[in-house]
Amino acid sequence: GQDEEMYLNCSTLHCPFYFKCKREKQCYHPSNICNGWVQCSYSFDDEELCFMQPCPIRCKCLGNAMQCKHKNLTTLPLIVNTIRVLDFIGNTLYAWQKRSTKYLYLYNLDISQNCIYSLQKMSFTNIKSLRKLNVSHNKINLLSSRTFDGLQWLNELFLNNNPICLIEPELFIR
């Protein structure tokens, strides 16, 4: 009736003590959150963030994004496989090695301003959804063939300010 019509036209919906889905006009009782059933059909908010791991010490996390900037870290912290953005700028990472974990959702990886001297062949094959990769301001002097193998969605690659002397053929096999 009239109440439903007024509800559908309302631009702001307040749900005291209930969970409101992002970009939706739905509110759910707390017992419906993190219960294994997706209620928020557009954002999946009610289930997506339920199993988030604690943020590593010295890093900042917001949802599925992790920032470990200028912390003098020599290794990557433990990263959950649902990570979407990883900002590891200005640390002392010396090598980037292929990860055994598949990061199915990671689309933005920034490992610039480190001390990385090489990227191994097939370094990023377990990060197939990567769209933006920044490895600028490192010490990379060789780009081996098949380094970026499998990155079919890569749109942006930043390699500037590296002393690259040799680029082997077949660098971007998809």
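Before reading on, note that the structure itself is shown above.
Presented here is an overview of the structure given in this document. (Residues numbered from 1 in each chain as written. Predicted model: local features only at pLDDT ≥ 70, side-chain atom pairs only at ≥ 80, totals over all residues. Heavy atoms only, no water.)

Thoughts on the overall build of the chain
No. 1: Scanning the chain from terminus to terminus reveals two helices and 10 strands.
No. 2: Start at the N end of the chain and walk to the C end: the helices and strands fall as α-β-β-α-β-β-β-β-β-β-β-β.
No. 3: In terms of C-alpha radius of gyration, the chain reaches 21 Å, well past the compact-globule figure of 16 Å for 174 residues.
No. 4: Summarising its shape, the C-alpha atoms of the chain cover approximately 70 × 35 × 25 Å along the three principal directions.
No. 5: Within the chain, buried positions represent 37% of all 174 residues.
No. 6: Of the roughly 11000 Å² of accessible surface on the chain, 55% is carried by carbon and sulfur atoms. (Helix = DSSP H or I, 4+ residues; strand = E, 2+ residues; numbered from the N terminus. Rg over C-alpha atoms; globule rule 2.2 N^0.38 Å. Buried < 20%, exposed > 50% of the residue type's maximum accessible area, 1.4 Å probe, protein only. Areas by Shrake-Rupley, 256 points an atom, 1.4 Å probe, with all protein chains shown as cover.)

Description of the packing of aromatic side chains
No. 1: Scanning the model with the defined rule gives two aromatic pairs in all.
No. 2: Every member of this aromatic cluster is reached through a ring pair, and the members are Trp-96, Phe-124 and Phe-148.
No. 3: Note that Arg-84 overlies the ring of Tyr-105, its terminal NZ or CZ placed 4.8 Å from the centroid.
No. 4: Above the ring of Trp-96, the side-chain terminus of Arg-99 is found at 4.3 Å from the ring centroid. (Phe/Tyr/Trp six-rings, centres within 6.5 Å; stacked < 30°, edge-to-face > 60°. Lys NZ or Arg CZ within 6 Å of the ring centre and 35° of its normal.)

Looking at the sheet that holds strand E4 (residues 65-67)
No. 1: The mixed open sheet is built from six strands, whose spatial order is E3-E4-E5-E6-E7-E9. Each of the sheet's edge strands pairs with one partner strand only, and the pair in question is strand E3 (60-62) and strand E9 (156-158). Here the strands of the sheet are splayed against their neighbours by 5° on average, with no regard to which way each runs. (Pairing = 2+ DSSP bridges. Axes fitted to C-alpha atoms, helices over the stretch in contact; angles between N-to-C directions.)

Details of the side chain of Thr-125
No. 1: Its place among the elements puts Thr-125 in the loop between strand E6 (108-110) and strand E7 (132-134).
No. 2: At a separation of 3.4 Å, a polar atom in the side chain of Thr-125 contacts the side chain of Lys-98.
No. 3: Among the polar contacts made by the side chain of Thr-125, one reaches the main-chain carbonyl oxygen of Met-122 at a distance of 3.3 Å.
No. 4: With near-sequence residues (within four places) excluded, Thr-125 lies in contact with Lys-98 and Asp-149. (Polar contact = N/O pair within 3.5 Å; in protein donor to acceptor, adjacent residues only side chain to side chain. Contact = heavy atoms within 4.5 Å.)

Points about the state of the cysteines
No. 1: In the structure shown here, the tally under the stated rule is four disulfides.
No. 2: In this model Cys-21 forms its disulfide with Cys-40; the gap between the sulfur atoms is 1.9 Å. With the S-S dihedral at roughly -70°, the linkage between Cys-21 and Cys-40 falls on the left-handed side. Of the two residues, Cys-21 sits in the loop between strand E1 (19-20) and strand E2 (27-28) while Cys-40 sits in the loop between E2 and helix H2 (45-48), which places them 19 residues apart along the sequence. Cys-40 shares its class with Cys-21; the two are buried. (Disulfide = S-S within 2.5 Å.)

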